[in-house]
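# Secondary and tertiary structure notes
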Amino acid sequence: MFLGGVGRIMSVLGFLGPNGTHSEEAAIYMNTLLGNNWVLKPYRSIYEAIAAADEGEADCCFVPVENSIEGSVRITLDTLAHDVDLKINMELVWAVHNQLLVKDSREKITKLISHPQALAQCRKYIKMNYSAAELVEVSSTAHAAEVVAAGMKNAAAIASKRSADIYNLTVLDKDIQDNCDNVTRFILLSKTTSSINKTDPEKTMLICQMDGSKAGSLCDVLAEFAKYNINMTHIESRPTRMQLGRYMFFFEVEVPLDGRERLIKAIAAVKKKCFWLKDMGLFPVIKAENKKWR
Ligand SMILES: O=C(O)C(=O)C[C@]1(C(=O)O)C=C[C@@H](O)C=C1
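Residues numbered from 1 in each chain as written. Predicted model: local features only at pLDDT ≥ 70, side-chain atom pairs only at ≥ 80, totals over all residues. Heavy atoms only, no water.

Counted only if it meets this: UniProt positions are given in the numbering used here, feature names are shortened, and annotations may be inferred rather than shown by experiment.
Naming follows an unreviewed UniProt entry, where the protein chain appears as Prephenate dehydratase of Pectinatus haikarae. According to the UniProt record, the Pathway (unreviewed entry) comment for the protein chain reads "Amino-acid biosynthesis; L-phenylalanine biosynthesis; phenylpyruvate from prephenate: step 1/1." According to the UniProt record, the Catalytic activity (unreviewed entry) comment for the protein chain is "prephenate + H(+) = 3-phenylpyruvate + CO2 + H2O".

### Regarding the overall build of the protein chain
What counts, and what does not: Strands are runs of DSSP state E lasting at least two residues, helices are runs of H or I lasting at least four, and both sets are numbered from the N terminus onward. The globule rule used here is 2.2 Å times the number of residues to the 0.38 power, and the radius of gyration it is set against is calculated over C-alpha atoms. Partly exposed residues are those whose accessible area sits between 20% and 50% of the maximum for their type, while under 20% is buried and over 50% is exposed, using a 1.4 Å probe and protein chains only. Contact definition: two residues touch when any of their heavy atoms are within 4.5 Å. Note on areas: Shrake-Rupley with a 1.4 Å probe; residue coverage comes only from the protein chains shown.
Scanning the protein chain from terminus to terminus reveals 9 helices and 18 strands. Here the C-alpha radius of gyration of the protein chain, 21 Å, is about what a compact globule of 294 residues would show, namely 19 Å. By principal-axis analysis of the C-alpha atoms, the protein chain measures approximately 65 × 55 × 40 Å. Out of the 294 residues belonging to the protein chain, those deemed buried represent 51%. Nonlocal contacts in the protein chain, meaning residues at least 24 apart in sequence, comprise 77% of its contacts between residues at least 6 apart. Roughly 14,400 Å² of accessible area belongs to the protein chain as shown, and the carbon and sulfur atoms make up 52% of that amount.

### Observations concerning the packing of aromatic side chains
In this description, a pair of aromatic rings is defined by centroid distance and the angle of the planes. Here is the rule we go by: Here a Phe, Tyr or Trp ring, Trp counted by its six-membered ring, pairs with any other such ring whose centre lies within 6.5 Å, and the pair is stacked when the planes are under 30 degrees apart, edge-to-face when over 60, and tilted otherwise.
Throughout the structure, instances matching the rule amount to 5 aromatic pairs. Aromatic pair Phe249 and Phe251: ring centres 6.1 Å apart, planes at 10 degrees, arrangement stacked. On the basis of relative accessible area, Phe249 is assigned to the buried category, the value being 16%. Within the aromatic cluster, the residues linked to one another by ring pairs are Phe225, Phe249 and Phe251.

### Notes on the pattern of salt bridges
The condition that has to hold: Any carboxyl oxygen of Asp or Glu within 4 Å of a side-chain nitrogen of Lys or Arg constitutes a salt bridge here.
Under the criterion given, the structure shown has 18 salt bridges. Ionic pairing is found between Glu66 and Arg185, a salt bridge with its closest N-O pair at 2.8 Å. Remark: Arg185 occurs in strand 13 (residues 183-190) and Glu66 occurs in strand 5 (residues 60-67); sequence separation between them is 119 residues. The class of Glu66 is partly exposed, set by a relative accessible area of 22%. Judged by its relative accessible area of 11%, Arg185 falls in the buried class. The salt bridge partner of Glu70 is Arg123, with a shortest N-O separation of 3.7 Å.

### A short note on the site of the ligand
Our working definition: We define proximity as follows: a residue is near a molecule or strand when any one of its heavy atoms falls within 4 Å of that partner. Pairs of N or O atoms within 3.5 Å make up the polar contacts considered here, provided that, within protein, one atom can donate a hydrogen while the other can accept it, and that residues adjacent in sequence are counted only when both atoms are side-chain atoms.
Around the ligand, the surrounding shell holds 15 residues, and the nearest of these are His22, Ser23, Gln121, Thr141 and Thr184. At a separation of 2.5 Å, an oxygen atom of the ligand approaches a polar side-chain atom of Ser23. Between an oxygen atom of the ligand and a side-chain N or O atom of Gln121, the distance comes to 2.9 Å. Here the ligand, which alone exposes 360 Å², has 100% of that area covered by the protein.

### Describing the domain arrangement of the protein chain
Applicable threshold: Domain limits in this description derive from either an automatic procedure or a database domain assignment. Two parts placed together each lose some accessible area under a 1.4 Å probe, and the buried area is that loss summed for both. Asp, Glu, Lys and Arg are counted as charged, while Ala, Val, Leu, Ile, Met, Phe, Trp, Tyr, Cys and Pro are counted as nonpolar; the rest, among them Gly, fall into the polar class.
The assigned domain composition of the protein chain is domain 1 (8-96 + 182-195), domain 2 (99-173) and domain 3 (203-283). Distance from the C-alpha centre of domain 1 to the C-alpha centre of domain 2: 24 Å. If you look at the interface, domain 1 gives 20 residues, while domain 2 gives 16 residues. The contact between domain 1 and domain 2 buries some 1,200 Å² in all, and 54% of this surface belongs to carbon and sulfur atoms. Contact with domain 2 buries area across many residues of domain 1, yet Pro18, Gly20 and Glu70 alone supply 34% of it, more than any other trio. On the surface where domain 1 and domain 2 come into contact, there are 6 residue pairs in polar contact (both at pLDDT 80 or more). The element contributing the most residues to the side of domain 1 that touches domain 2 is helix 1 (residues 22-33), with 4 residues. For the side of domain 1 that touches domain 2, a count of residues per class yields 6 nonpolar, 10 polar and 4 charged.

Spelled out as structure tokens, the structure:
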């Protein structure tokens, strides 16, 4: 927190920088939507943004957790499980529009530079139009735009329209992602579950490890969700980092419309079947208006 222009204490929200990333665009949208006046602070990596919120350098952070084409953002899941003690306050589903940006439109393009997620989201476009181009992965889409703006020869960045404006680049091709339904889920993380958003919670995330050497232990956990009629929206496994072949699970489940009672019972039952369980808190889900939802 720091003192704002009128001497008011303002909250700091960390995001993957530099300015112009999809993360920043989504964070600006959320800031406005919630009527907040948070100061947005760019970090060099998703890990650093999350760590800043955990260590109190930022009050909260806003990071991607899953993309509809490329799947989970593993650094977010792993950091939540292994390195920090944070809660999810809300989820924003954000349409990701990727553009092909150049400094000089007369130059031949032999290099495409972007964040690995964005390169993966545009695979078909790249194959059809730039199959021979070298793919250069960098820390964010906006950083790619920065590099092209700084004069990298024969290079085009895959980044947002906002990046084109900030770094003074030309949009050579619009909406080049493989699917017009390209969306990324972002989560707002902070030390506590607060009343940042007054909307009713719709989901929760649980991270846990069960006895992988015992037959049926995952099935036992899933059976508890089924028993309490709790709908699961996402399941993912990641290494525990302790031993090869040992995994932890990420479950995202819905809060029942008729109340939280069943969910609380289901979580308690699941906990009994796990070595450990991290409850990421209840949170609302907001669909951004930068896409027409079907
Ligand atoms: O590089 C960016 O612009 C980001 O905000 C990161 C990120 C990601 O890590 O998934 C966010 C949304 C898009 O899916 C592409 C990239």
